[in-house]
Amino acid sequence: MTTPDFGDGTRCVHAGAPPSTPGTPVPPQPVLAAQFHLSDSGDFYGRATNPTWRALESALGDLDGGECVVYSSGMAAISALLRTVLGPGDKVVLPSDGYYLARSYVREHLTALNLDVHEVPTVAKWTPETVANARLVLLETPSNPGLDVCDIAAITTLAHEAGALVAVDNTTATPLGQRPLALGADVTLASDTKALSGHSDVVLGHITTTNPTLAAQLRAERTASGAVPGPFETWLAHRGLGTLDLRLARQAENANALHKALSDHPRVRNLRWPGSPTDPAYPTATKQMRRFGGVLAFELESAAAVDSFLDAARLVASATSFGGLHSSADRRARWGDPVPAGLLRFSCGCEDPQDLTADVLKALAALSPDKPHTH
Ligand SMILES: *Cc1c(COP(=O)(O)O)cnc(C)c1O
């Protein structure tokens with residue numbers, strides 16, 4: 001069913017649910033078939049169409065406000081969009097501080113297109129010049145890992161005046177946190193590996209667009225390139241989506257508690273969470289975001305300090321990725337992100353706020369006392 005009049009919790013539970021036919025399952029069920037009995041219409045082969053994809057696409061399209069196409073990963077979604085909309089010599093604007101593989105895919109794997117690649121910081125002063133002659137402007141807000149925020153509506157106006165298409169990587173916010181299509185963007189896309197599926201057991205992605213021609217092109221490209229998601233993973237993501245509202249609420253509660261506990265902490269600097277009124281991203285974030293999630297960032301003095309902190313914390317897994325039930329933290333410089341060696345992206349899970357805060361404070365207190373920061 002479609003659910004536009006309901007609240008977030010109701011929408012997450014009911015989006016994409018099957019009709020209430022007596023004797024059939026209440027929750028969506030996975031259809032794993034590669035072969036279907038042929039008919040004049042309907043499903044025929046598992047690379048082209050699948051009922052389980054349609055159920056999640058209906059749910060995400062409903063929440064995002066457009067037509068959704070699901071992919072086997074967030075990168076499959078991003079790369080499909082780039083391959084579909086960019087032609088030889090086109091100018092593409094990418095976030096210089098966003099997810100690193102979007103940049104390296106363009107620079108290392110689309111070389112044959114001789115693209116005119118512009119990498120722009122999320123908090124740049126965006127002018128008509130920045131987007132002039134661009135075919136595609138990709139934004140990522142809040143950005144991963146720095147959690148900077150840009151004004152989607154304002155940049156979209158500039159980009160549309162220049163004739164460019166605007167896509168927003170909405171992974172960090174999720175459709176509950178932010179609706180880029182309602183702010184004017186042409187495309188919203190995400191890695192659903194993160195908070196959307198939320199249990200750290202699925203790799204999946206999607207694109208939603210208000211442009212039906214683009215949606216049809218993406219679907220055709222997905223069938224031809226074969227970047228299709230497994231129905232079982234698609235079903236797991238749909239199952240996870242049911243609790244997104246609850247999980248985000250707890251994760252944000254944890255992020256708020258940790259932000260309070262860490263904001264004057266002598267070992268912590270450059271603490272970032274767009275949901276805090278003291279954060280530089282807050283004014284723009286409150287203007288365009290509906291709610292905040294559980295991802296923070298902060299710096300400790302060195303890579304070694306991060307290692308000791310993660311060794312000492314009992315409730316914080318040292319792991320990449322974010323948005324799952326379990327709190328985890330990732331030192332992004334390890335992966336080559338252009339950030340300080342001691343920068344940690346911290347993903348609050350669904351533990352109790354008092355337990356998580358106590359654990360983090362205890363692990364910080366266990367750091368060697370010789371090099372605290374001076375404020
Ligand atoms: C993880 C992530 C991606 C890539 O998604 P995968 O599902 O890992 O392919 C893209 N963008 C952002 C912002 C991400 O965090």
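Fair warning: this is a prediction, and the values are worked out from it, not measured in the lab.

1. What about the overall build of the protein?
- In terms of regular secondary structure, the protein is built from 13 helices and 12 strands.
- With the C-alpha coordinates of the protein rotated into their principal frame, the extents come out at 75 × 55 × 35 Å.
- Out of the 375 residues belonging to the protein, those deemed buried represent 55%.
- Here the contacts in the protein between residues at least 6 apart in sequence split such that 70% fall between residues at least 24 apart.
- For the protein, the accessible surface area stands at approximately 15900 Å², while carbon and sulfur atoms represent 56% of it.

2. Regarding the UniProt feature "modified residue: N6-(pyridoxal phosphate)lysine" (unreviewed entry) in the protein
- Under the feature "modified residue: N6-(pyridoxal phosphate)lysine" (unreviewed entry), the UniProt entry names Lys194.
- Its location among the elements puts Lys194 in the loop between strand 6 (187–191) and strand 7 (205–209).
- Since its relative accessible area comes to 10%, Lys194 is described here as buried.

3. Regarding the nonpolar core
- Membership of the largest hydrophobic core comes to 31 residues, with the highest contact counts inside it found for Leu300, Phe309, Phe346 and Val360.
- Where this core is concerned, the elements lending two or more residues are helix 10 (244–262), strand 9 (295–299), helix 12 (303–312), strand 12 (343–347) and helix 13 (353–365).
- Among the nonpolar cores identified, the runner-up in size contains 30 residues, and Ile78, Leu81, Leu165 and Leu218 belong to it.

4. Considerations on the site of the ligand
- The full set close to the ligand counts 14 residues, and Met75, Asp169, Ser191, Thr193 and Lys194 are the nearest of them.
- Asn144 places a side-chain nitrogen or oxygen 2.9 Å from an oxygen atom of the ligand.
- At a separation of 2.7 Å, a nitrogen atom of the ligand approaches a polar side-chain atom of Asp169.
- Contact with the protein chains hides 91% of the accessible area of the ligand, taken as 380 Å² for the molecule alone.
- A total of three residues in the shell around the ligand trace back to one element, the largest contributor, which is helix 3 (residues 74–85).
- Of the residues belonging to the shell around the ligand, the class tally is five nonpolar, six polar and three charged.

5. Structural notes on the packing of helix 2 (residues 51–64) against helix 9 (residues 231–241)
- Direction vectors running N to C along helix 2 and helix 9 enclose 35 degrees, while the axes themselves pass 9 Å from each other. Crossing handedness for the pair helix 2 and helix 9: left-handed. Seen from helix 2, the contacting residues are Thr52, Trp53, Ala55, Leu56, Ala59, Leu60 and Leu63; seen from helix 9, they are Pro231, Thr234, Trp235, Ala237, His238 and Leu241.
- Counted by class, the contact of helix 2 with helix 9 contains 10 nonpolar, three polar and no charged residues.

6. A short note on the sheet that holds strand 2 (residues 91–95)
- Read from one edge to the other, the open sheet built from seven strands follows the order 1-7-6-5-4-2-3, with strand pairing classed as mixed. The sheet is open, and its two borders are formed by strand 1 (67–71) and strand 3 (116–120), each paired with just one other strand. With direction set aside, neighbouring strand axes in the sheet form an average angle of 20 degrees.
- Two elements, strand 2 and strand 4 (residues 134–140), share three bridges in a ladder whose sense is parallel. What sits directly across from Val93, in strand 4, is Val137.
- This element, helix 2, spans strand 1, strand 6 and strand 7 of the sheet and lies at about 130 degrees to strand 1.
- Set on the sheet, helix 6 (residues 152–161) makes contact with strand 4 and strand 5 (165–169); between it and strand 5 the angle comes to about 155 degrees.

7. Focus on the domain arrangement of the protein
- By the assigned domains, the protein splits into domain 1 (8–241) and domain 2 (244–365).
- Between the C-alpha centres of domain 1 and domain 2 there is a distance of 26 Å.
- Facing 38 residues of domain 1, the contacting portion of domain 2 comprises 29 residues.
- The tally of links from domain 1 across to domain 2 stands at four salt bridges.
- Residue Arg290 is joined to Asp8 by a salt bridge in which the shortest nitrogen-to-oxygen separation is 3.0 Å.
- Among the elements of the structure, helix 1 (8–14), helix 4 (100–109), helix 6, helix 7 (174–177) and helix 9 are those that each provide at least two residues to the side of domain 1 that touches domain 2.
- Among the elements that make up the side of domain 1 that touches domain 2, the one with the highest residue count is helix 7 (four residues).
- When grouped by side-chain class, the residues that make up the side of domain 1 that touches domain 2 number 16 nonpolar, 16 polar and six charged.

8. Some thoughts on the pattern of salt bridges
- The final tally for this structure, using the stated rule, is 20 salt bridges.
- One salt bridge connects Glu301 with Arg267, and the closest N-O pair in it is separated by 2.4 Å. Of this pair, Glu301 sits in the loop between strand 9 and helix 12 while Arg267 sits in the loop between helix 10 and strand 8 (269–272), and the two are 34 residues apart along the sequence. We note that Glu301, like Arg267, is buried.
- Asp330 is paired through a salt bridge with Arg345; the nearest N and O atoms lie 3.5 Å apart. Highlighted residues: Asp330 in strand 11 (residues 328–331) and Arg345 in strand 12, separated in sequence by 15 residues.

9. So, the environment of His160
- Its place among the elements puts His160 in helix 6.
- Note: C-alpha distance between His160 and Ala185 (25 residues apart in sequence) is 9.1 Å.
- Those residues within four positions of His160 in sequence are excluded, and the remaining contacts are Val166, Gly184 and Asp186.

Calculation criteria
Residues numbered from 1 in each chain as written. Predicted model: local features only at pLDDT ≥ 70, side-chain atom pairs only at ≥ 80, totals over all residues. Heavy atoms only, no water. Helix = DSSP H or I, 4+ residues; strand = E, 2+ residues; numbered from the N terminus. Buried < 20%, exposed > 50% of the residue type's maximum accessible area, 1.4 Å probe, protein only. Contact = heavy atoms within 4.5 Å. Areas by Shrake-Rupley, 256 points an atom, 1.4 Å probe, with all protein chains shown as cover. UniProt positions renumbered as here; feature names shortened; annotations may be inferred. Core = buried A, V, L, I, M, F, W, Y, C linked by side-chain atoms within 4.5 Å. Near = heavy atom within 4 Å. Polar contact = N/O pair within 3.5 Å; in protein donor to acceptor, adjacent residues only side chain to side chain. Nonpolar A, V, L, I, M, F, W, Y, C, P; charged D, E, K, R; others polar. Axes fitted to C-alpha atoms, helices over the stretch in contact; angles between N-to-C directions. Left-handed = near helix turned anticlockwise from the far one by under 90°. Pairing = 2+ DSSP bridges. Domains from an automatic or database assignment. Salt bridge = Lys/Arg side-chain N within 4 Å of Asp/Glu carboxyl O.

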